[in-house]
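Observations on the three-dimensional arrangement
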Amino acid sequence: SQQGEEDPQALSIQEGENATMNCSYKTSINNLQWYRQNSGRGLVHLILIRSNEREKHSGRLRVTLDTSKKSSSLLITASRAADTASYFCATSGGSGYSTLTFGKGTMLLVSP
Amino acid sequence: EAGVAQSPRYKIIEKRQSVAFWCNPISGHATLYWYQQILGQGPKLLIQFQNNGVVDDSQLPKDRFSAERLKGVDSTLKIQPAKLEDSAVYLCASSYGPPKEETQYFGPGTRLLVL
(Lines give C-alpha, C1' and ligand atoms only; values in the text may rest on other atoms or scores of the structure.)
Protein backbone atom coordinates (compact mmCIF):
# COMPACT_ATOMS: atom_id res chain seq x y z
CA SER A 1 0.00 0.00 0.00
CA GLN A 2 1.16 3.55 -0.60
CA GLN A 3 1.65 5.86 2.36
CA GLY A 4 1.47 9.25 0.74
CA GLU A 5 -1.38 10.81 -1.18
CA GLU A 6 -0.55 13.82 -3.30
CA ASP A 7 -3.02 16.51 -4.14
CA PRO A 8 -3.87 17.64 -6.74
CA GLN A 9 -3.38 14.74 -9.13
CA ALA A 10 -2.63 17.21 -11.91
CA LEU A 11 -1.78 20.90 -12.03
CA SER A 12 -1.43 23.20 -15.03
CA ILE A 13 0.10 26.67 -14.69
CA GLN A 14 1.89 29.33 -16.71
CA GLU A 15 5.59 30.04 -16.54
CA GLY A 16 6.40 32.44 -13.72
CA GLU A 17 3.53 31.29 -11.52
CA ASN A 18 3.97 29.40 -8.30
CA ALA A 19 2.98 25.74 -7.98
CA THR A 20 1.87 24.14 -4.74
CA MET A 21 1.51 20.41 -4.22
CA ASN A 22 0.33 18.70 -1.07
CA CYS A 23 1.04 15.32 0.45
CA SER A 24 -0.81 13.55 3.22
CA TYR A 25 0.36 10.40 4.96
CA LYS A 26 -1.03 8.01 7.51
CA THR A 27 1.60 6.78 9.96
CA SER A 28 4.43 8.41 11.87
CA ILE A 29 7.56 9.17 9.92
CA ASN A 30 11.26 9.88 10.39
CA ASN A 31 11.46 12.09 7.35
CA LEU A 32 9.62 13.01 4.19
CA GLN A 33 11.26 13.44 0.82
CA TRP A 34 10.13 14.93 -2.47
CA TYR A 35 11.22 13.49 -5.81
CA ARG A 36 10.69 14.65 -9.38
CA GLN A 37 10.27 12.38 -12.35
CA ASN A 38 10.36 13.28 -16.01
CA SER A 39 11.10 11.30 -19.10
CA GLY A 40 14.46 12.91 -19.60
CA ARG A 41 16.10 12.48 -16.21
CA GLY A 42 14.17 9.74 -14.45
CA LEU A 43 13.46 10.01 -10.72
CA VAL A 44 15.51 12.67 -8.95
CA HIS A 45 15.68 13.57 -5.27
CA LEU A 46 14.69 17.19 -4.56
CA ILE A 47 14.60 17.76 -0.82
CA LEU A 48 14.34 15.97 2.53
CA ILE A 49 12.64 17.30 5.64
CA ARG A 50 13.00 15.62 9.00
CA SER A 51 10.09 14.98 11.32
CA ASN A 52 11.36 17.62 13.78
CA GLU A 53 11.60 20.30 11.09
CA ARG A 54 8.73 22.52 9.96
CA GLU A 55 10.10 24.22 6.87
CA LYS A 56 13.01 23.85 4.50
CA HIS A 57 14.22 25.72 1.44
CA SER A 58 16.32 24.72 -1.54
CA GLY A 59 16.61 27.22 -4.37
CA ARG A 60 13.09 27.81 -5.72
CA LEU A 61 11.69 24.98 -3.58
CA ARG A 62 10.02 25.39 -0.22
CA VAL A 63 8.78 22.40 1.75
CA THR A 64 6.68 22.48 4.87
CA LEU A 65 5.82 19.64 7.21
CA ASP A 66 2.98 19.48 9.73
CA THR A 67 3.31 16.26 11.67
CA SER A 68 0.15 16.97 13.68
CA LYS A 69 -1.85 16.93 10.45
CA LYS A 70 0.39 14.34 8.81
CA SER A 71 0.82 16.55 5.77
CA SER A 72 3.49 18.28 3.73
CA SER A 73 3.49 20.80 0.93
CA LEU A 74 5.96 21.54 -1.85
CA LEU A 75 6.02 25.04 -3.29
CA ILE A 76 7.87 25.79 -6.52
CA THR A 77 8.25 29.51 -7.04
CA ALA A 78 8.63 31.26 -10.40
CA SER A 79 8.02 28.04 -12.29
CA ARG A 80 9.69 27.26 -15.61
CA ALA A 81 8.73 24.99 -18.48
CA ALA A 82 11.58 22.71 -17.38
CA ASP A 83 9.71 22.10 -14.10
CA THR A 84 7.14 20.07 -16.04
CA ALA A 85 7.26 16.65 -14.42
CA SER A 86 5.56 14.36 -11.91
CA TYR A 87 6.30 15.11 -8.28
CA PHE A 88 6.20 12.41 -5.60
CA CYS A 89 6.37 12.58 -1.86
CA ALA A 90 8.01 9.64 -0.12
CA THR A 91 7.99 8.86 3.56
CA SER A 92 10.58 7.04 5.61
CA GLY A 93 9.26 5.22 8.63
CA GLY A 94 10.56 4.00 11.94
CA SER A 95 12.90 1.19 10.93
CA GLY A 96 16.65 1.51 10.91
CA TYR A 97 16.72 1.29 7.14
CA SER A 98 15.83 4.01 4.68
CA THR A 99 12.83 2.25 3.17
CA LEU A 100 10.74 4.77 1.27
CA THR A 101 7.02 4.61 0.59
CA PHE A 102 5.91 6.74 -2.35
CA GLY A 103 2.61 8.40 -3.11
CA LYS A 104 0.91 8.43 -6.51
CA GLY A 105 2.31 11.79 -7.49
CA THR A 106 1.17 15.13 -8.87
CA MET A 107 1.62 15.82 -12.59
CA LEU A 108 2.73 19.41 -13.11
CA LEU A 109 2.50 21.07 -16.52
CA VAL A 110 4.15 24.47 -16.91
CA SER A 111 3.23 26.22 -20.14
CA PRO A 112 5.47 28.88 -21.70
CA GLU B 1 30.35 10.35 -10.81
CA ALA B 2 28.59 7.68 -12.82
CA GLY B 3 24.95 7.13 -11.95
CA VAL B 4 22.96 3.96 -11.46
CA ALA B 5 23.04 1.85 -14.62
CA GLN B 6 20.25 -0.45 -15.72
CA SER B 7 19.73 -2.73 -18.67
CA PRO B 8 17.90 -3.38 -20.80
CA ARG B 9 15.97 -0.13 -21.15
CA TYR B 10 13.00 -1.79 -22.81
CA LYS B 11 11.73 -5.34 -22.94
CA ILE B 12 8.69 -6.89 -24.57
CA ILE B 13 7.80 -10.48 -23.73
CA GLU B 14 4.78 -12.73 -23.82
CA LYS B 15 3.05 -13.90 -20.68
CA ARG B 16 4.55 -16.96 -19.04
CA GLN B 17 8.00 -16.10 -20.41
CA SER B 18 10.95 -15.22 -18.20
CA VAL B 19 12.82 -11.94 -18.04
CA ALA B 20 15.80 -10.58 -16.14
CA PHE B 21 16.91 -7.05 -15.37
CA TRP B 22 20.37 -5.92 -14.38
CA CYS B 23 21.47 -3.04 -12.16
CA ASN B 24 24.87 -1.57 -11.37
CA PRO B 25 24.68 0.87 -8.45
CA ILE B 26 26.82 3.91 -7.81
CA SER B 27 30.29 2.87 -6.70
CA GLY B 28 30.55 2.61 -2.94
CA HIS B 29 26.80 2.47 -2.31
CA ALA B 30 26.02 -0.32 0.09
CA THR B 31 22.24 -0.25 -0.21
CA LEU B 32 20.41 -1.26 -3.37
CA TYR B 33 16.68 -1.16 -4.06
CA TRP B 34 14.36 -2.52 -6.72
CA TYR B 35 11.07 -0.74 -7.29
CA GLN B 36 8.11 -1.49 -9.54
CA GLN B 37 6.29 1.52 -10.98
CA ILE B 38 2.97 0.86 -12.69
CA LEU B 39 1.70 3.56 -15.02
CA GLY B 40 0.07 6.39 -13.12
CA GLN B 41 1.40 5.31 -9.74
CA GLY B 42 4.41 5.95 -7.58
CA PRO B 43 7.24 3.45 -7.25
CA LYS B 44 6.61 0.48 -4.97
CA LEU B 45 9.55 -1.13 -3.21
CA LEU B 46 10.05 -4.76 -4.16
CA ILE B 47 13.29 -5.58 -2.38
CA GLN B 48 16.09 -3.82 -0.52
CA PHE B 49 19.65 -5.13 -0.12
CA GLN B 50 22.21 -4.03 2.40
CA ASN B 51 25.50 -5.15 0.80
CA ASN B 52 24.51 -8.64 -0.38
CA GLY B 53 21.93 -9.34 2.31
CA VAL B 54 18.17 -8.79 1.98
CA VAL B 55 16.71 -6.38 4.55
CA ASP B 56 13.17 -5.99 3.13
CA ASP B 57 11.41 -8.14 0.57
CA SER B 58 7.94 -8.00 2.09
CA GLN B 59 6.32 -6.78 -1.14
CA LEU B 60 8.17 -9.08 -3.52
CA PRO B 61 5.84 -11.69 -5.11
CA LYS B 62 8.18 -14.53 -4.28
CA ASP B 63 6.28 -17.12 -6.29
CA ARG B 64 7.47 -15.44 -9.49
CA PHE B 65 10.00 -12.74 -8.62
CA SER B 66 13.55 -13.31 -7.42
CA ALA B 67 16.51 -11.03 -6.92
CA GLU B 68 20.11 -11.42 -5.98
CA ARG B 69 23.06 -9.20 -5.30
CA LEU B 70 26.19 -11.24 -5.54
CA LYS B 71 29.36 -9.74 -4.05
CA GLY B 72 27.38 -6.77 -2.82
CA VAL B 73 27.61 -4.80 -6.06
CA ASP B 74 25.53 -5.62 -9.17
CA SER B 75 22.05 -7.00 -8.84
CA THR B 76 19.62 -8.90 -11.03
CA LEU B 77 15.85 -9.06 -10.75
CA LYS B 78 14.06 -11.95 -12.44
CA ILE B 79 10.43 -12.64 -13.22
CA GLN B 80 9.46 -16.21 -14.02
CA PRO B 81 6.81 -16.66 -15.35
CA ALA B 82 5.63 -13.17 -16.26
CA LYS B 83 1.99 -12.11 -16.04
CA LEU B 84 0.19 -9.30 -17.84
CA GLU B 85 0.02 -7.28 -14.62
CA ASP B 86 3.83 -7.25 -14.42
CA SER B 87 3.89 -4.62 -17.18
CA ALA B 88 5.60 -1.69 -15.49
CA VAL B 89 8.84 0.22 -15.19
CA TYR B 90 11.38 -1.49 -12.93
CA LEU B 91 13.59 1.01 -11.18
CA CYS B 92 16.84 0.31 -9.44
CA ALA B 93 18.16 2.75 -6.84
CA SER B 94 21.13 2.89 -4.54
CA SER B 95 22.21 4.83 -1.47
CA TYR B 96 25.44 5.12 0.46
CA GLY B 97 24.29 3.42 3.62
CA PRO B 98 21.40 2.33 5.73
CA PRO B 99 20.83 5.45 7.83
CA LYS B 100 17.32 6.78 7.75
CA GLU B 101 18.16 9.98 5.92
CA GLU B 102 19.99 8.61 2.95
CA THR B 103 19.06 10.03 -0.43
CA GLN B 104 18.32 7.37 -3.00
CA TYR B 105 19.72 7.68 -6.51
CA PHE B 106 17.64 6.12 -9.23
CA GLY B 107 18.57 4.55 -12.53
CA PRO B 108 16.67 5.21 -15.77
CA GLY B 109 14.54 2.10 -15.35
CA THR B 110 13.59 -0.86 -17.51
CA ARG B 111 10.22 -0.57 -19.19
CA LEU B 112 8.59 -4.03 -19.38
CA LEU B 113 5.60 -4.85 -21.52
CA VAL B 114 4.01 -8.27 -21.10
CA LEU B 115 1.71 -9.30 -23.96
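Not measured: the values here are computed from a predicted model. Starting from 1, residues in each chain are numbered consecutively following that chain's sequence as written. Each chain is given a letter, starting from A, and each ligand a number, starting from 1, according to the order in which they appear as written. This being a predicted model, a pLDDT of at least 70 is required before a residue's local features are given, and a value of 80 or more before pairs of side-chain atoms are given or counted; all residues contribute to the totals for chains, interfaces and linings. Side-chain numbers here rest on the full set of heavy atoms in the structure, without hydrogens or water.

Quick notes on the overall build of chain A
Strands are runs of DSSP state E lasting at least 2 residues, helices are runs of H or I lasting at least 4, and numbering of each runs from the N terminus. When helices and strands are tallied, chain A shows zero helices and 11 strands. Going residue by residue from the N terminus, the α and β elements of chain A occur as β-β-β-β-β-β-β-β-β-β-β. The globule rule is 2.2 Å times the number of residues to the power 0.38, and the radius of gyration it is compared with is taken over C-alpha atoms. Its C-alpha radius of gyration of 13 Å places chain A within 12% of the 13 Å reference for a compact globule of 112 residues. Counting every position in chain A, which comprises 112 residues, the buried fraction comes to 47%. Residue exposure (1.4 Å probe, protein chains only): buried if accessible area is under 20% of the type maximum, exposed if over 50%, otherwise partly exposed.

What to know about the pattern of salt bridges
Residues and elements named next belong to chain A. Criterion for a salt bridge: a side-chain nitrogen of Lys or Arg within 4 Å of a carboxyl oxygen of Asp or Glu. Tallying each qualifying case throughout the model produces six salt bridges over all chains. Between Arg-62 and Glu-55 there is a salt bridge whose closest N-O contact spans 3.2 Å. Using a relative accessible area of 41% as the deciding quantity, one classes Glu-55 as partly exposed. Connected through shared salt-bridge partners, Arg-50, Glu-53 and Lys-56 make up one network.

Points about the sheet that holds strand β3 (residues 19-24) of chain B
Residue and element names in this part refer to chain B. Two strands pair under a simple rule: DSSP has to find at least two bridges between them. What the four strands build is an open sheet, ordered β1-β3-β8-β7; its pairing is antiparallel. At either end of the open sheet lies a strand with only one pairing partner, and these are β1 (5-7) and β7 (65-68). Across the sheet, the axes of successive neighbouring strands diverge by a mean angle of 15°, strand direction being ignored. Pairing geometry for β7 and strand β8 (residues 75-79), over four bridges, is antiparallel. Its bridge partner being in β8, Ser-66 is matched across the sheet by Lys-78. Only the stretch in contact is used when fitting a helix axis, every axis being a line fitted to C-alpha atoms; angles between N-to-C directions are given from 0 to 180 degrees.

With respect to the side chain of B:Gln104
Residue and element names in this part refer to chain B. Along the chain, Gln-104 turns up in the loop between β9 (88-95) and β10 (105-106). A relative accessible area of 1% places Gln-104 in the buried class. For the purposes of these results, a polar contact is taken to be a pair of N or O atoms within 3.5 Å, where, inside protein, one atom must be able to donate a hydrogen and its partner to accept one; residues adjacent in sequence count only when each atom of the pair is a side-chain atom. Looking at Gln-104, its side chain comes within polar contact range of the side chain of Tyr-35, at 2.7 Å.

Some remarks on the packing of aromatic side chains
Aromatic pairing here means that ring centres of Phe, Tyr or Trp (its six-membered ring) are within 6.5 Å. Orientation follows from the plane angle: under 30 degrees is stacked, over 60 is edge-to-face, and everything else is tilted. Applying the stated criterion across every chain yields a total of nine aromatic pairs over all chains. When the centroid spacing of 5.4 Å and the interplanar angle of 40° are considered together, the rings of B:Tyr35 and B:Phe106 count as tilted. Pair noted here: B:Tyr35 is in strand β4 (residues 31-37) and B:Phe106 is in strand β10, with a separation of 71 residues, a long-range link. For B:Phe106, a relative accessible area of 11% translates into the label buried. One aromatic cluster in this structure is built from A:Tyr35, A:Phe88, A:Phe102, B:Tyr33, B:Tyr35 and B:Phe106.

Quick notes on the state of the cysteines
By definition, a disulfide links the sulfur atoms of two cysteine residues through a covalent bond. Disulfides are defined as cysteine sulfur pairs within 2.5 Å. What the rule picks out here adds up to two disulfides over all chains. Paired by a disulfide, A:Cys23 and A:Cys89 hold their sulfur atoms 2.0 Å apart. As the torsion about the S-S bond is roughly 65°, the A:Cys23-A:Cys89 disulfide counts as right-handed. Of the two residues, A:Cys23 sits in strand β3 (residues 19-24) while A:Cys89 sits in strand β9 (residues 85-92), which places them 66 residues apart along the sequence. Of the two residues, A:Cys23 and A:Cys89, neither departs from the other in class, the shared state being buried. The disulfide that involves B:Cys23 links it to B:Cys92, with 1.9 Å between the sulfurs. Residues B:Cys23 and B:Cys92 are joined by a disulfide whose S-S torsion is about -70°; by sign, that bridge is left-handed. Placement of B:Cys23 in strand β3 and of B:Cys92 in strand β9 is noted, with a sequence separation of 69 residues between them. Each member of the pair, B:Cys23 as well as B:Cys92, is classed as buried.

Re the confidence of the model for chain B
When pLDDT is averaged along chain B, the result is 92; 96% of the residues meet or exceed 70. Residue-level confidence of the predictor is what pLDDT reports, using numbers from 0 through 100. For chain B, strand β6 (residues 53-56) of chain B is the element with the lowest average pLDDT, namely 90, and β8(B) is the one with the highest, namely 98.

Some words on the environment of B:Ser7
Residues and elements named next belong to chain B. Turning to its location among the elements, Ser-7 is positioned in strand β1. Considered as a pair, Ser-7 and Cys-23 are 16 residues apart in the sequence and their alpha carbons are 6.7 Å apart. Each residue touching Ser-7, except ones within four places of it in the same chain, is listed here: Phe-21, Trp-22 and Thr-110. In this description, contact between two residues means that some pair of their heavy atoms is separated by no more than 4.5 Å.

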